[in-house]
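# Summary of structural features
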Amino acid sequence: MNGTRIAHEETSYWSVCLGLVAVIVVGTGVYYFTSARAASKRASPYDYHKPVPGDAELRVRLKEEQYKVTRQNGTEPAFQNEYWNNPKPGIYVDVITGDPLFSSLDKFDAQNGRVNFSKPLAKERLVERKDASHDIERIEIRAARSDSHLGHLFHDGPPPAGDRYVINSAALKFIPAEKLAVEGYSEFAPLFPSPSPEQKNGAK
């Protein structure tokens, strides 16, 4: 009897172990499969026809500061945002839809610790609204398709237009010039021609 009970207990023990191993293997597989799909989704090229995400998805997908700026009309601190001193060539797109909004070619330093552009890539991608908050009359800039709050427009910028678009970094995603094609923005690649070997070597 004892031998039978011990054999039965050993069998039960190994059955439990095998069951746990199976659960771990399946769980790990599901995790990596889900992660791979999510990464693939995040890395998919820009598609204008892709629907604008709803609020529930944005609350999960966006960082707290990004949601606060784009959906609650927040303003990030000066000199404490991602792109105010970004010197790299490329374009800046809507963090929600990926719509191309601004180019580094039109970015300039206004000495205010924020991202400043003299013009957008296409005005039709932006919406201007009167903003009288904080007892100041301003022109609010929003993304046309996502209705994201981007920042404000002032008329004290560089010539010839004299416009200054002050935009929150949290409302933008930067696409480096060398990644424009793979990210789905090939049409803007000609704006940033590759430097010649002489330029790369610093030759004059």
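Refer to the structure presented above.
So, how was this worked out
- Residues numbered from 1 in each chain as written.
- Predicted model: local features only at pLDDT ≥ 70, side-chain atom pairs only at ≥ 80, totals over all residues.
- Heavy atoms only, no water.
- Salt bridge = Lys/Arg side-chain N within 4 Å of Asp/Glu carboxyl O.
- Buried < 20%, exposed > 50% of the residue type's maximum accessible area, 1.4 Å probe, protein only.
- Helix = DSSP H or I, 4+ residues; strand = E, 2+ residues; numbered from the N terminus.
- Contact = heavy atoms within 4.5 Å.
- Pairing = 2+ DSSP bridges.
- Axes fitted to C-alpha atoms, helices over the stretch in contact; angles between N-to-C directions.
- Core = buried A, V, L, I, M, F, W, Y, C linked by side-chain atoms within 4.5 Å.

### Examining the pattern of salt bridges
- Counting across every chain of the model gives seven salt bridges.
- The residue Arg138 makes a salt bridge to Asp131 at a minimum N-O spacing of 3.4 Å.
- For Asp131, a relative accessible area of 13% puts it in the buried group.
- Arg164 is paired through a salt bridge with Asp156; the nearest N and O atoms lie 2.7 Å apart.
- One network of salt bridges, with partners in common, ties together Arg129, Glu140, Arg142 and Asp147.

### Some words on the environment of Val93
- Assignment of secondary structure puts Val93 in strand E1 (residues 90-94).
- Taking the relative accessible area as the measure of exposure, Val93 reaches 1% and is therefore buried.
- Beyond its immediate sequence surroundings of up to four residues, Val93 is in contact with Gly98, Asp99, Pro100, Leu101, Ala171, Leu172, Lys173, Ile175 and Tyr185.

### A closer look at the sheet that holds strand E9 (residues 172-176)
- Here three strands make up an open sheet; going across it, the order is E2-E1-E9 and the pairing antiparallel. Single-partner strands in this sheet number two, and they are strand E2 (100-103) and E9. Mean inter-strand twist for the sheet, computed between neighbouring axes without regard to direction, equals 30°.
- Bridge count for E1 against E2 is three bridges, and the pairing is antiparallel. Counterpart to Tyr92 in the pairing with E2 is Phe102.

### Digging into the nonpolar core
- Judged by nonpolar contacts, the single largest core of 18 residues is most densely connected at Phe102, Phe117, Leu150 and Tyr165.
- Secondary-structure elements contributing two or more residues to this core are E2, strand E4 (115-117), strand E6 (138-143), strand E7 (149-154), strand E8 (164-167) and E9.
- Aside from chain neighbours lying at most four places away, what touches Leu150 is Leu101, Leu126, Ile141, Arg142, Ala143, Val166, Ile167, Asn168 and Ala171.
- Counting residues in hydrophobic clusters, the runner-up holds eight residues, among them Ala177, Leu180, Phe188 and Phe192.

Keep in mind these numbers describe shape, not what the thing actually does.
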